[in-house]
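# Residue-level structure breakdown
For reference, the chains in residue letters:
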Amino acid sequence: MKKIIIGARGSKLSLVYANKVKNLILEKETNLSEENIVIKKIKTSGDIFKDKKLSEIGGKKLFCKEIEESLLKKEIDIAVHALKDMETEDEKNLIIGSYIKRNDPRDAFISLKYNSLKDLKNDSVGSSSRRRELQLKLINKNIVVKQIRGNIDTRIKKLDENLYDGIVLALAGIKNLNLEKNVKEIFSLDDVIPSAGQGVIAAQCRKEDEKIKKILKKINNSETKQCAIAERSLLKTIGGNCDTAVGTLAIVIGDEIKLSAQLFSDSGDEAFFYELKGKKEDAIKIGIAVGNVLLKKAGSKFKKKL
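Residues numbered from 1 in each chain as written. Predicted model: local features only at pLDDT ≥ 70, side-chain atom pairs only at ≥ 80, totals over all residues. Heavy atoms only, no water.

### Re helix H1 (residues 12-28)
An ideal rise of 1.5 Å per residue puts 24 Å on 17 residues; H1 measures up with 25 Å between its terminal C-alpha atoms. Here H1 has its buried residues at Leu 13, Ser 14, Leu 15, Tyr 17, Ala 18, Val 21, Lys 22, Ile 25 and Leu 26. (Helix = DSSP H or I, 4+ residues; strand = E, 2+ residues; numbered from the N terminus. Expected span 1.5 Å × (residues − 1). Buried < 20%, exposed > 50% of the residue type's maximum accessible area, 1.4 Å probe, protein only.)

In C-alpha cells:
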C-alpha cells in the first residue's frame with residue numbers, strides 16, 4: 001500500500017497537530033497501520049524569519065505557503081495547519097477536507113511576576129497580534145505591548161530571560177503541549193474574543209484526490225466546520241489582513257449557530273461589536289451579515305485591506 005504522507009511545520013505544536021490527525025485516521029481506517037502514515041516536516045518562511053513582523057514579510061500565509069506548495073506538487077497527501085494561519089480564500093486546487101474538533105478557543109496570560117493582567121503597571125506584555133494588543137488594553141490601559149515571535153516554548157523562555165513581564169497566547173496551543181502549569185489567567189470570551197479559527201486544526205488535501213477526501217471526511221467534526229465557515233466568511237466580508245484587529249467566534253446552540261465579532265477601527269481607538277444567531281446551515285450568510293453590520297458601524301474608521 002502506498003504511504004500517506006502528512007506535511008506540517010516542524011514546531012512541537014505543529015507535530016502534535018499532525019500526530020492528532022494521523023491518530024484520528026488510524027482510528028477510522030482500521031486497514032491502515034502506523035507504518036502506512038508518515039509525517040514530513042516542512043520549513044515555512046514564517047519559521048525562518050522569526051525576528052520580523054508577519055505583515056512585513058507577507059502575512060500569516062507564510063506559515064502555510066510551502067506546505068501548500070508541497071501538496072500541489074504531490075510531495076505530500078495531507079497538509080495540517082492551525083486554521084487561524086490559513087488564508088480566508090482557499091488555494092483553487094486545494095480544499096480543507098476536515099476540520100478537527102475545536103480545542104479551547106480562549107487566550108491565556110502567562111507571567112512569572114503577576115497573577116493577572118490587571119496587576120501590571122507600565123509593564124511589558126509580549127504579543128504578535130494587533131487584535132490581542134487592543135483587547136488587552138481595554139482590560140488594562142497601563143500595559144506596554146511588545147512584539148514577540150517564535151514557538152510557544154521559545155516565547156515562555158523569553159519570560160525566564162526577563163525580556164517580558166507577561167505574554168498572551170492561545171490556550172489551545174498551551175494545552176496541547178501540556179504547559180498549563182504556566183498559565184496565570186484565562187480570559188473570558190466576552191473580554192477577549194479570539195481570532196477566527198483559533199483552536200481549530202485543518203487537514204487540507206488536493207481537490208481531485210478522492211481517496212484522501214474520503215478518509216478526511218471520516219474525521220471531520222461537522223459542528224467545528226460550521227463554526228469555522230461562519231468565522232472565515234466574516235473575515236472575507238470585512239476584507240481584513242494579518243494586521244486587522246478583529247476577533248470572532250461562532251458557537252453552536254442546538255440547531256442554531258451564534259456568531260460574535262469585534263472589529264477595531266484602523267486607529268485602534270474604537271471597537272465595534274455585533275452578534276447574530278441563525279440556522280447552522282446558513283453559516284456563510286451569517287458571516288456575511290455580521291461582517292456587513294460591522295463595516296457599517298465602523299464607517300470611514302475602518303478601510304478594507306483586501
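Picking up after the structure, the text goes on.
### Overview of the sheet that holds strand E13 (residues 271-279)
Ordered in space as E11-E12-E13, the 3 strands form an open sheet in which the pairing is antiparallel. Two strands close off the open sheet at either side, each with one partner strand: strand E11 (246-253) and E13. Ignoring strand direction, the axes of neighbouring strands in this sheet form an average angle of 10 degrees. In the sheet, strand E12 (residues 256-264) pairs with E13 via 9 bridges, with the strands oriented antiparallel. For Ile 257, the partnering residue across the bridge sits in E13 and is Gly 278. (Pairing = 2+ DSSP bridges. Axes fitted to C-alpha atoms, helices over the stretch in contact; angles between N-to-C directions.)

### Let's talk about helix H10 (residues 283-298)
Taking 1.5 Å of rise per residue, 16 residues should cover 22 Å, and H10 covers 23 Å from first to last C-alpha, within 8% of that figure. Within the sequence span of H10, burial applies to Ala 283, Ile 286, Gly 287, Val 290, Gly 291, Leu 294, Leu 295 and Ala 298. Relative to the axis of H10, the buried residues are bounded by an arc of 165 degrees and lie together on one face. Every exposed residue of H10 that faces more than 90 degrees away from the buried side is listed here: Lys 285 and Lys 296. Against the buried residues of H10 lie helix H9 (222-238), E12 and E13. Directly after H10, the chain includes Gly 299, whose backbone phi takes a positive value near 55 degrees. (Arc of directions from axis to C-beta. Contact = heavy atoms within 4.5 Å.)

### Observations regarding the sheet that holds strand E8 (residues 166-170)
Strand order across the open sheet formed by 5 strands is E7-E6-E8-E5-E9, with mixed pairing between neighbours. In the strand order of this sheet, the two ends are held by strand E7 (144-146) and strand E9 (183-186), each with one partner. Here the strands of the sheet are splayed against their neighbours by 30 degrees on average, with no regard to which way each runs. Running at roughly 120 degrees to E8, helix H5 (residues 130-139) makes contact with strand E5 (107-110), strand E6 (124-126), E7 and E8 of the sheet.

### Remarks on the nonpolar core
Core analysis: the biggest nonpolar cluster contains 36 residues, and Val 21, Ile 25, Ile 78, Val 80, Ile 110, Ile 167 and Leu 216 have the highest contact counts within it. Per-element tally for this core: the top contributor is H1, with 6 residues. Beyond its immediate stretch of four places on either side in the chain, Ile 167 contacts Ala 108, Phe 109, Ile 110, Val 125, Gly 126, Ile 148, Arg 155, Ile 156 and Leu 159. Listed in part, the 21 residues of the second largest apolar core include Cys 227, Ile 238, Leu 263 and Ile 286. (Core = buried A, V, L, I, M, F, W, Y, C linked by side-chain atoms within 4.5 Å.)

### A closer look at the pairing of E8
The element E8 is largely enclosed, with a buried count of 5 among its 5 residues. Here E5 runs beside E8; their pairing, made up of 4 bridges, is antiparallel. Residue pairing in the sheet places Ile 110 in a bridge with Ile 167 of E8. Bridge count between E6 and E8: 2 bridges; the pairing is parallel. Of the residues in E8, the one forming a bridge with Val 125 is Gly 166.

### Some details on the pairing of strand E3 (residues 78-82)
Most of E3 sits out of view: 5 of its 5 residues are buried. Of the two faces of E3, the one lined by Ile 78, Val 80 and Ala 82 and the one lined by Ala 79 and His 81 are each fully buried. Bridging between strand E1 (residues 4-8) and E3 involves 2 bridges; their strand directions are parallel. In the sheet register, Ile 6 faces E3, and the bridge partner there is Ile 78. Alignment of E3 against strand E10 (residues 201-206), held across 4 bridges, turns out to be antiparallel. Each bridged residue has a counterpart across the sheet, and for Val 80 the counterpart in E10 is Ala 203.

### A few points about the packing of aromatic side chains
Enumeration according to the criterion identifies 0 aromatic pairs in this entry. One cation-aromatic arrangement involves Lys 146 over Tyr 164; the distance from NZ or CZ to the ring centre is 5.1 Å. (Phe/Tyr/Trp six-rings, centres within 6.5 Å; stacked < 30°, edge-to-face > 60°. Lys NZ or Arg CZ within 6 Å of the ring centre and 35° of its normal.)

### Notes on the confidence of the model for the protein chain
Averaged over every residue, the pLDDT of the protein chain is 93; residues scoring 70 or more account for 94%. Counting interchain partners and residues more than four positions distant, the pLDDT-below-50 stretch residues 54-58 has 11 contacts. (pLDDT = per-residue confidence, 0-100.)

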